[in-house]
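Report on the structure
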Amino acid sequence: MFDYLAAFVVGGIICFIGQMLMDIGKLSPTHTLSTLVVAGALLDGFHLYDRLIDFAGAGATVPITSFGHALVHGAMSEGDRYGFFGIGMGVFEVTSVGISSTILFSFLVAIFFKPKG
Amino acid sequence: MERRGKQTWHFDQPVYIQGVGTAVGPEELKGPLGSSFDVTYDNLYAGQDNWELAERKLMQDAVETALKDAEKKSEEMDYFFAGDLLNQIVTSNYYAREIDVPYFGLFSACATVMEGVALSSLFVDTGVANLTLTAVSSHNATAERQFRYPTEFAGQRPDTATFTVTGAGAVVVGKKPSLIKVTEATIGKVKDYGIKQPFDMGSAMAPAAADTIVTHLQETGRDPSYYDVIVTGDLSRVGSGILRKLIQDKGMVLDRYEDCGVMIYHQDQPVFSGGSGAACPAVVTFGHLFKEMKEGRIKRMLVAATGALLSPLMIQQKESIPCISHAVSFEREE
Amino acid sequence: MGVDEKQKKLYQKNIKLYQPKSHIFKNGLKAFLVGGVICALGQAISRIYMTYLPITQEEAMSPTLATLILLAALATGFGVYDKLGQFAGAGSLVPVTGFSNAMTSAALEHKSEGLVFGIGANMFKLTGAVIAFGVLSAYLVGLTRMLVAMLINS
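- The name that an unreviewed UniProt entry assigns to chain A is Stage V sporulation protein AEB, with the source organism given as Halalkalibacter okhensis.

So this is what it looks like as structure tokens:
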């Protein structure tokens, strides 16, 4: 039960921060998402995002910040083995599911549906 | 034609409205002026395969209705003036291939309709043409996908945003006397007061509207009370408030004033600050306002259409939004 | 000649009175609630996968995200996700469902231009920057960590 609450609160806070970026910072949706992804990457650099995931579960993995975390995670796991070139080898390792499934599903929806305006 | 000052044309030869036609989409049909439109659709596709074709169909419907109203055929038109919001004004160009009339493609965004009426009236007044056809169109989906975001994108719009009108308006102008006479036109200058937010065009366009309206009144030597109503194209709720103040600052009082963007929708429709788009002033003027004139409730009217002359690329390059307003005055002939 | 800078600044200052009041707190609250619900939904889906498959919470993340992405893509196709977006703002944009909606809506919008130039090329219209900056920051963070590790070990 507690894990649902933690997911709700942490996920909600990250979205609240996103809303502030848009309303007060006057950032566009793309700018906002890019900022949050970079923030997730930076937090993972300090090993902090893993702790957030342990605490909040989906509250930390569902927001777009986890995308930044996953990119760094993938980059580091190959980077530890192969050095600088390892970063490029591993960067999409963990996020592969996210990007490939989005490409697949958006393509299929675009084929079978029509925009409604 | 006699010039008044630098920007105003006074038509001393007969220039009359011969016929009008309007076509609109679902949101406009649901609005307070829904019954004043000639052709209406309950969905954005208008029976076509994509939105660009739908917009073209709206322009076709408006033109065919206007020609029928004027009891004329397209071959009898000397010139065709048309414009819309799409890149390279494709709706107008691609529709123009359907009719065999010499064509002027126009662009001043949402001010295009009055630019067209002004030019077509000048042609009739000076004898260059006996009959002219003018048409404009806009479509909510084609405008959204060109200027802003994909229509199914869950981006949040602020309260200052406006809702592009899905519609088209067409008018036939000629010498034969009718109930509605075109008396003057004032050609606007481009004004840019540094507004950069494309979701707040009312603030960007208000100074241009104020400049054109004040210039018109000064050059014709009239007071705002000369007109039963002064109408702007699509300043919306935000822009119309600003306009009143700007006119006040110039020492004039604008008490009989309406905005087409505010008139075309109910306040509880999901349209934020009001309507916008090239079709907005066109369908409201040619539909509702001309009906009011024909039925004698309005005798003298000034319509100042306003346009925001931006493109998405300019906004990304951090440029501000230059705007323009063209005004035409109409009088009821007894 | 145009409008001089002083006039522009004065105008922009004066119109502030005519701008509608912003609902920053209300928007923030709506974003918090909807975002929280979507994440709680993710947690529930994750639990369902863990119940029926022999996987850990970490391994369940992949199918959970894929499921949320599919749901958002379908909601976009049915024309309902954008209505949620107007209400929830960042609450529907920030979770991975927003990323899915951004790509799906762009792909869907441009189907009239065909498969390659329409759907294929436009898919990344809104999210291309997100992926680009994500990867760039991964390089930066990765490189920094390596340099720091080298400095510590030497």
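**Quick notes on the overall build of chain C**
- Within chain C, the regular secondary structure consists of eight helices and zero strands.
- Mapped in sequence order, the helices and strands of chain C form the string α-α-α-α-α-α-α-α.
- Relative to its length of 154 residues, chain C is extended, with a C-alpha radius of gyration of 22 Å against a globular reference of 15 Å.
- Dimensions of chain C, computed from C-alpha atoms along their principal axes, come out at roughly 70 × 55 × 40 Å.
- Of all intrachain contacts in chain C linking residues separated by at least 6 positions in sequence, the fraction that spans at least 24 positions is 54%.

**With respect to the overall build of chain A**
- Helix and strand content of chain A: seven helices and zero strands.
- Counted from the first residue to the last, chain A has its helices and strands arranged as α-α-α-α-α-α-α.
- A total of 117 residues make up chain A; the buried ones form 56% of that total.
- Pairs at least 24 apart in sequence give 58% of the contacts found in chain A among residues at least 6 apart.

**Structural notes on the interface of chain C and chain A**
- Listed by partner, the interface residues are 63 residues for chain C and 59 residues for chain A.
- Mapped by element, the contributors of at least two residues to the side of chain C that touches chain A are α2 (24-52), α3 (57-77), α5 (90-93), α6 (96-109) and α8 (128-153) of chain C.
- Broken down by element, the residue count for the side of chain C that touches chain A peaks at 15 residues, all from α2(C).
- Of the residues that constitute the side of chain C that touches chain A, the class distribution is 37 nonpolar, 23 polar and three charged.

**Some details on the UniProt feature "transmembrane region" (unreviewed entry) in chain A**
Residue and element names in this part refer to chain A.
- Cross-referencing UniProt, the feature "transmembrane region" (unreviewed entry) maps to residues 6-25 and 84-113 in the present numbering.
- In residues 6-25, helix accounts for 90% and strand for 0%; the two terminal C-alpha atoms are 27 Å from one another.
- A distance of 43 Å separates the end C-alpha atoms of residues 84-113, which is 80% helix and 0% strand.

**Observations concerning unusual backbone geometry**
- Even without glycine at this site, B:Ala46 takes up a positive phi of about 50°.
- Summarising the element assignment, B:Ala46 is placed in the loop between β4 (39-40) and α2 (51-70).

**As for the pairing of strand β3 (residues 16-24) of chain B**
Residue and element names in this part refer to chain B.
- Counted residue by residue, β3 has eight buried out of nine residues, so it is predominantly covered.
- Looking at chain direction, β3 and strand β9 (residues 167-174) are connected through eight bridges and run antiparallel. Looking at β9, one finds that Gly 19 is bridged to Val 172.
- Where β3 lies against β4, two bridges are found, and the strand directions are parallel. Considered in β4, the bridge of Val 24 is made with Thr 40.

**Here's the deal with the environment of A:Ile87**
All names here are of chain A.
- Locating Ile 87 in the fold gives a position in helix α6 (residues 84-90).
- With 26 C-beta atoms packed within 10 Å, Ile 87 lands in the buried category.
- A sequence separation of 14 residues divides Ile 87 from His 73, and the C-alpha atoms of the two residues are 9.5 Å apart.

**Some thoughts on the packing of helix α1 (residues 2-23) of chain A against helix α2 (residues 29-45) of chain A**
Residues and elements named next belong to chain A.
- Put simply, α1 and α2 touch, their axes get as near as 9 Å, and they point 135° apart. The orientation of α1 relative to α2 falls into the category oblique. Of the two possible hands of crossing, α1 and α2 adopt the one that is right-handed. When α1 is examined against α2, the residues Gly 18, Leu 21 and Met 22 are found in contact with a partner set consisting of Thr 32, Thr 35 and Leu 36.
- Classifying every residue of the contact of α1 with α2 gives three nonpolar, three polar and no charged.

**Things to note about the pairing of strand β10 (residues 180-186) of chain B**
Residue and element names in this part refer to chain B.
- Taken across its seven residues, β10 has five buried, putting it largely inside the fold.
- As paired strands, β10 and strand β15 (residues 323-332) are joined by six bridges and run antiparallel to one another. Considered in β15, the bridge of Thr 186 is made with Ala 327.

**A short note on helix α5 (residues 65-82) of chain A**
All names here are of chain A.
- With 18 residues, α5 extends 26 Å between its outermost C-alpha atoms, agreeing within 8% with the 26 Å of an ideal straight helix rising 1.5 Å per residue.
- Among the 18 residues that make up α5, 13 are buried, leaving the element largely enclosed by the rest of the structure.
- Phi turns positive, to about 75°, at Gly 83, one or two residues after α5.

**Observations concerning the environment of B:Gln156**
- Relative to the helices and strands, B:Gln156 resides in the loop between α5 (140-147) and β8 (163-164).
- A residue is classified by how many C-beta atoms lie within 10 Å of it, and B:Gln156, with 22 of them, is buried.
- Those residues in contact with B:Gln156, other than ones at most four positions away along the chain, are C:Gly85, C:Gln86 and C:Gly89.

**Some thoughts on the packing of α1(A) against α2(C)**
- Relative to each other, α1(A) and α2(C) sit at 140°, their axes nearing to 6 Å. Here α1(A) lies oblique to α2(C), going by the angle between them. Considering how the two elements wind past one another, α1(A) and α2(C) form a crossing that is right-handed.
- Per-class residue counts for the contact of α1(A) with α2(C) are 17 nonpolar, 10 polar and two charged.

**Quick look at the environment of A:Gly88**
Residues and elements named next belong to chain A.
- Mapped onto the elements, Gly 88 comes out in helix α6.
- What makes Gly 88 partly exposed here is the crowd of 16 C-beta atoms within 10 Å.
- Put simply, Gly 88 and Ala 7 are 81 residues apart on the chain and 31 Å apart in space, counted from C-alpha to C-alpha.

How each quantity is defined
Residues numbered from 1 in each chain as written. Chains lettered and ligands numbered in written order. Predicted model: local features only at pLDDT ≥ 70, side-chain atom pairs only at ≥ 80, totals over all residues. Helix = DSSP H or I, 4+ residues; strand = E, 2+ residues; numbered from the N terminus. Rg over C-alpha atoms; globule rule 2.2 N^0.38 Å. Contact = placed C-beta atoms within 7 Å. Buried ≥ 20, exposed ≤ 12 C-beta atoms within 10 Å, placed from the backbone. Nonpolar A, V, L, I, M, F, W, Y, C, P; charged D, E, K, R; others polar. UniProt positions renumbered as here; feature names shortened; annotations may be inferred. Pairing = 2+ DSSP bridges. Axes fitted to C-alpha atoms, helices over the stretch in contact; angles between N-to-C directions. Parallel < 35°, antiparallel > 145°, perpendicular 65-115°, else oblique. Left-handed = near helix turned anticlockwise from the far one by under 90°. Expected span 1.5 Å × (residues − 1).

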